[in-house]
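So the chains spell out like this:
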Amino acid sequence: MSEPLLSVQGLRKHFVQRKGFPRPRTIVVRAVEDVSFTIAPGEAFGLVGESGCGKSTAARALLRLIEPDAGQVTYRGQDVLAARGAELKALRRKMQIVFQDPYSSLDPRQTIGSALMEPMRVHGIATGREARARAAALLEEVGLPAAALDRLPHEFSGGQRQRIGVARALTLEPELIVADEPVSALDVSVQAQVLLVLKQLRARRGLSFLFVSHDLSVVRWFCDRVAVMYLGRIVEEGPAGRVLADPLHPYAKMLRDASPVPDPTRRGVLPRIVGEIPSAANPPPGCPFHPRCPQAMDVCSKVAPRWTVASGGGGVACHLHG
Amino acid sequence: MSAVVEAPPSPRVPARRKVLAKARSNPTTLAGAIICLLILAAAILAPWIAPHDPAEQDIMSRLAPPGGAYPLGTDQFGRDILSRLLWGARISLTVSLGAIALACVIGGAIGMVSGYIGGRFDLFVMQVMDVLLSFPSLILGLIVVALLGPDLANLVVAIALTAIAPFARIARAPTLALKERAFVEAGRALGFSHLRIVFRHILPNILPEVMVMASLWMATAVRVEASLSFIGLGVKPPTPTWGGMTRDGFENILDSPWLAVFPGLAILLLVLGLNLVGDGLRDATDPKLRNE
Amino acid sequence: MIWFVAKRLLAAVPTLVAVLTVVFIIVRIVPGDPALVILGDQATAEATEALRARLGTDRPMLVQYWSFVTNALTGDFGSSLVTGRPIIEEVGAVLPHTIDLTLASMVLGVVVGVPVGIWAALRRNGAVDIAARLLSLLGLSFPVFVSGIYLLLLFGLHWRLFPVIGNADLSDFGDRLHKVVLPAVALGLTMAAYITRVTRSAMLHSLGEDYIRTARAKGVPWRRVVWVHGLRNASLPVVTVVGLYVGILIGNSVLTEIVFNRPGLGKIIVGALNQRDYTMLQGLMVIYCFLIVVVNLVTDLLYGVMDPRVKQA
């Protein structure tokens, strides 16, 4: 494999809260405990897991939208977490984000044109007429007419807004796009449009993606490689086809079995996911999944499983495969 | 699991034109606006429309009752009440506009920045604002003017001081909500500076609320200015002020009651006009608050 | 509940200290030496020195601050520069008059404001509602000295129904009541207008809630729905707002006392202003602020008693 575009090592983010009176208790929510992965140039990497597993937090932390507590993030060999001022601003040009909620991701009082031209102006890419022409071209690229430039966000539907959000992420001509549940807030009927736009952009511009989603079918369609997160850790990683069709980790199996399968002959008995996801404020000892794991052994509640390389690429953290 | 549903559309912020149209269609708001505009016109045109010089003393007709050469009568120095009222509108409007502009800018900036930064800093700033709020505003204004000395600029400062905390609060609340919205995060991801995010993206979104607040507080500012002048802490005589004129009239209330009645009425009208406009604007900007 | 009360009480102490700090700073921002300001330029050096010693302004700033804060927290607000009597005594002597006035106006405000507000809410957009809305806005627009003068002119001078001078004999209840009516109406007018608006809006809000619909659906009589379910929930915002209104009430009471020539805190403060009695002004400001902090505390606690959800928070 060539030099990775993005490399994340041991990323950690804990949220500390103090609650109660007169004896305040400190609660540490371990949103992201230990996350490592790499993304190659042009690759689409999926991050899947139930809501609350820390996947969005991890995405935000590596973009420095929230400051991670520990870990290392390098972009083309440059230390992202140490970047300051102009250096960080330059890095922001390379890595952009598309948000989940298309309704809150656009400033309600800013026209679409202004929203697309402002980043160009701030980064000195283009101004005035040239910026407007670029903005119009970007809109066209995501399938919207140039007339949209002078409109306000509330005049558009959710799917259209999401495409505007994609266009805005492209204004800085990034190489990597972090897509944080980009279609989860949309009607199923419009999800396909947005996904298609993303896939076309990827092919045309050679973009890399970090695709965060809880929807396995979407990830399977879009991503080359995928990592499964559980309680702030990656429990399995590998080629998307293999991990999603034939997972090694019991949790990944559970996710696979819970997601709907379009072929009725292959539809087995749905094993119900047992129990609730434990609180990230109080994670269980040993393997974090053991309280819900159908194949839990004695060792699982005592020792955290090591990372084991799987055949065909990737790996898994499970005592069954250790 | 986050459900795959269409997120509810964010509450639409009515466009400015719509708000004004809505406010205009309300007869009481319209009446308020007309009152305010008439008084504004009187203040601007005072030098041309006032029948007399406001400082001119007619020794032969002191305390003249309304009618004749002096439509609203004269005061104890023989000065024309109507002319003094017209000129007095200038002080009322200058002081209250100045004070509210100052409070709006300072308080608004404090509230916005405090809310945006959040955490302990926000907690501290809001604590300070709470302390300012626990001063009775008239007493605070009174003591500040007494200490600084009564002149126009000090009045503006004193009245602004009493209004800073409410403006900080009204600016902070929506800022707290806005900064959680993804477009603020998007701005950071796009490499915008915090200043740009606060002043280019948060400010336009909270402006309607702050402006409604400003129109409502204008009424309060006019009242406080008049009250301070009534106590004797207004702009110094012989400059005519409505509060000061009411006071002069009050001292002669037994012989010439109209002396106190007319300036009092002028204050009442201006405050009422401003309140009507502010109320109408608030109803128009927030459909949920309509008629509440 | 005990923790709730303790927490609020504890939280009031820093507020009090902060209030004292602000007062201290405000009084010391005055350009120039207060002793010189009081005595004028022609004062002899000895006289200025003596006054500085009396004011305590010859001591270092931090020492002044410390003694100011500790004295105030133990109830010592200093002495008047003019009369030399402790401020607390001067205030205590006239306090009953001010309390008569403010209490009477508050009662008036609640007795008029709450029923009218409810009535308006129940007849939403009807004639009563529109009238209540406009009249309350008019009431809010009256500067209290203007309404005071108008009342004085009509009822005091024209019809001679009420006395013009308000110096009541404190031992005679009838006299006190007779003399407080007019000023209380002047002062209570804005209060009633304010409470009308708040009650109306809180009632409308409360009547739109699901529990009202549920109560009606299960056959609770409408009268009971309004008075029990509606009013109980509407009373919370009303209490809060009445608490917040105390600051305005205090300012307005000063003006009312001037207009009706009543003894009280207002007259003391105006006297102190005219005589440049700085220690008196400082003390009065502290007393006023303490009063507001205490009222806020009481509102807060009342809120806790009335709304069980607050206690758990």
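Residues numbered from 1 in each chain as written. Chains lettered and ligands numbered in written order. Predicted model: local features only at pLDDT ≥ 70, side-chain atom pairs only at ≥ 80, totals over all residues.

## Side note on the overall build of chain C
Per the secondary structure count, chain C includes 13 helices and zero strands. Along the chain direction, N to C, the helices and strands of chain C fall in the order α-α-α-α-α-α-α-α-α-α-α-α-α. A fraction of 73% describes how many contacts in chain C between residues 6 or more apart in sequence connect residues 24 or more apart. (Helix = DSSP H or I, 4+ residues; strand = E, 2+ residues; numbered from the N terminus. Contact = placed C-beta atoms within 7 Å.)

## What about the interface of chain B and chain C?
Taken together, the contacts link 35 residues of chain B with 39 residues of chain C. Among the elements that take part in the side of chain B that touches chain C, helix α10 (residues 258-285) of chain B stands out by supplying nine residues, more than any other. Here the side of chain B that touches chain C is composed, by residue class, of 22 nonpolar, nine polar and four charged. (Nonpolar A, V, L, I, M, F, W, Y, C, P; charged D, E, K, R; others polar.)

## Some thoughts on the interface of chain A and chain B
In this complex, chain A contributes 30 residues to the contact, which on the side of chain B involves 22 residues. For the side of chain A that touches chain B, the residue count by class is 13 nonpolar, nine polar and eight charged.

## A few points about the UniProt feature "transmembrane region" (unreviewed entry) in chain C
All names here are of chain C. According to UniProt, the positions carrying the feature "transmembrane region" (unreviewed entry) are residues 9-30, 101-122, 134-157, 177-196, 234-260 and 280-303. Spanning residues 101-122, this segment combines 100% helix with 0% strand, and its end C-alpha atoms are found 32 Å apart. Annotation note: span residues 134-157, helix share 92%, strand share 0%, distance between end C-alpha atoms 28 Å. (UniProt positions renumbered as here; feature names shortened; annotations may be inferred.)

## Quick look at the UniProt feature "transmembrane region" (unreviewed entry) in chain B
Residue and element names in this part refer to chain B. As annotated by UniProt and renumbered to match this structure, "transmembrane region" (unreviewed entry) occupies residues 30-50, 91-117, 124-146, 152-171 and 258-278. Within the segment residues 30-50, helix and strand shares are 95% and 0% respectively, and the terminal C-alpha atoms sit 26 Å apart. The distance from the first to the last C-alpha atom of residues 124-146 is 29 Å, and the span holds 87% helix and 0% strand.

## Describing the pairing of strand β8 (residues 208-213) of chain A
Residues and elements named next belong to chain A. The buried count for β8 comes to six of six residues, which makes it a mostly enclosed element. Burial along β8 is two-sided: Ser-208, Leu-210 and Val-212 facing one way and Phe-209, Phe-211 and Ser-213 facing the other are all buried. Where strand β3 (residues 44-48) and β8 come together, five bridges link them in parallel fashion. Of the residues in β8, the one forming a bridge with Ala-44 is Phe-209. Two elements, strand β7 (residues 176-180) and β8, share five bridges in a ladder whose sense is parallel. Its bridge partner lying in β8, Leu-176 is registered against Ser-208. (Buried ≥ 20, exposed ≤ 12 C-beta atoms within 10 Å, placed from the backbone. Pairing = 2+ DSSP bridges.)

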